[in-house]
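Structural characterization, general
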Amino acid sequence: MGYIDCRHPDAVISIGARTVLNNDFTITSESSEGIRIGADCLVGVGVRIIDTDAHGIAPDQRRGSHAAKA
């Protein structure tokens, strides 16, 4: 069981052919650049793949769109 989440209308997650995702994985995209996992990959148990740092650490940056994406 795993979790795949595109949090923005333009977010992209693509997973190539014959790629295996083990249990307890999370893939979260917030950017139009997205996350692309190629063909013939093996993703281990408990892996987290996220294309954003979620929010800044200062209290006034914890809400809204202060996240850096890469």
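Below or above, wherever it landed, is the structure these notes cover. One numbering rule holds for all chains: residues counted from 1, following each sequence as written. Predicted model: local features are reported for residues with pLDDT of at least 70 only, side-chain atom pairs are reported and counted for 80 or more only, and whole-chain, interface and lining totals are derived from all residues. Side-chain measures here rest on the full set of heavy atoms in the structure, leaving out hydrogens and waters.

As for the environment of Gly2
- Within the element layout of this structure, Gly2 appears in strand S1 (residues 2-6).
- It is 8.9 Å that separates the C-alpha atoms of Gly2 and Gly46, two residues lying 44 residues apart in sequence. Put simply, DSSP marks the helices as runs of H or I at least four residues long and the strands as runs of E at least two long, and each gets a number from the N terminus on.

Quick word on the pattern of salt bridges
- When a carboxyl oxygen of Asp or Glu lies within 4 Å of a side-chain nitrogen of Lys or Arg, that pair is called a salt bridge. This model, assessed by the stated rule, comprises four salt bridges.
- Among the ionic pairs, Arg7 bridges to Asp5, the shortest N-O distance being 2.7 Å.
- Notably, a salt bridge pairs Arg18 with Asp40, separated by 2.7 Å at the nearest N-O pair. Taken together, the positions of Arg18 in the loop between strand S2 (13-15) and strand S3 (20-21) and Asp40 in the loop between strand S5 (35-37) and strand S6 (42-43) put the pair 22 residues apart, joining distant regions of the chain. Across the pair, Asp40 and Arg18 agree in class, each one exposed. For each residue, the accessible area found with a 1.4 Å probe, counting protein chains only, is set against the maximum for its type, and the residue is called buried under 20%, exposed over 50%, and partly exposed in between.

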